[in-house]
Amino acid sequence: MFAPCTAGQNLKKPNDHAKYSFKAMTHVRCFAPIEDTSATVLILGSMPGKSSLRAGQYYAHPKNLFWHIMGKLLGAHPALPYEERVRVLQSAGIALWDVLESCARVTSLDADIENGSLIANDFTSFFSGHPRIVHVYFNGAKAEDCYRRLVHPIIKKTSITYTRLPSTSPANASISYEHKLVAWEIIVKQNPAICATTVRTG
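Notes on the structure follow.

Comments concerning the environment of G49
Now for step 1: Structurally, G49 can be placed in the loop between β2 (41–45) and α1 (50–55).
Now for step 2: For the pair G49 and C30, spaced 19 residues apart in sequence, the C-alpha separation works out to 9.5 Å.

Written out as structure tokens, the structure reads:
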């Protein structure tokens with residue numbers, strides 16, 4: 001039996017991360033997309049983590065493997081200046097964004113996103129402005145789940161292929177870097193034109 005609520009308490013479901021139930025939720029907003037009107041591929045996360053928000057950069061956490069994988073696939077190595085990595089993605093025809101425009105959460109973990117706070121980005125306008133996108137890749141299960149619940153029912157474009165990839169987040173430590181890299185290679189395998197415009201290094 002649960003104790004009655006007193007004024008000002010931040011209630012969560014009994015099984016929803018009870019250890020955080022009395023910590024303040026933080027309302028966060030996503031970045032503008034990395035994009036080019038000629039993009040053919042869109043990679044979607046859920047919402048930038050605290051490290052990324054502080055840095056003003058996608059996937060800024062040093063243990064997030066996103067830029068390590070992009071380095072192997074496209075040459076966008078984490079050692080390069082952020083602006084240069086962005087240009088590599090754009091020249092390869094890859095757009096980068098998040099499903100959520102805003103949400104409330106306690107930590108950077110996807111599991112701590114408050115479901116009742118979810119507001120999705122405007123993908124109807126985005127796809128209208130990027131008509132060549134034919135593949136959408138989700139960086140993890142949370143991004144896919146939010147998209148399928150909040151976005152997919154209102155998207156009229158039917159020529160898009162959707163693929164969920166293992167999250168590059170350090171929270172997804174049960175899958176090794178090597179296995180993640182193999183899974184993410186599908187991007188260049190399904191989109192051979194990417195290889196023609198980028199430099200891959202081993």
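Back to the write-up after that little detour.
With respect to helix α2 (residues 66–74)
Now for step 1: Buried residues dominate α2, accounting for seven of its nine residues.
Now for step 2: For α2, every residue scored as buried is listed here: F66, W67, I69, M70, G71, L73 and L74.
Now for step 3: Just downstream of α2 lies G75, where phi reads positive at about 90 degrees.

Details of the side chain of E144
Now for step 1: Looking at the element boundaries, E144 is found in helix α5 (residues 141–150).
Now for step 2: Residue classification places E144 among the buried positions, given a relative accessible area of 15%.
Now for step 3: Beyond its immediate chain neighbours, meaning those up to four positions away, E144 contacts F138 and R164.

Here is what the cut-offs are and how they apply
Residues numbered from 1 in each chain as written. Predicted model: local features only at pLDDT ≥ 70, side-chain atom pairs only at ≥ 80, totals over all residues. Heavy atoms only, no water. Helix = DSSP H or I, 4+ residues; strand = E, 2+ residues; numbered from the N terminus. Buried < 20%, exposed > 50% of the residue type's maximum accessible area, 1.4 Å probe, protein only. Contact = heavy atoms within 4.5 Å.

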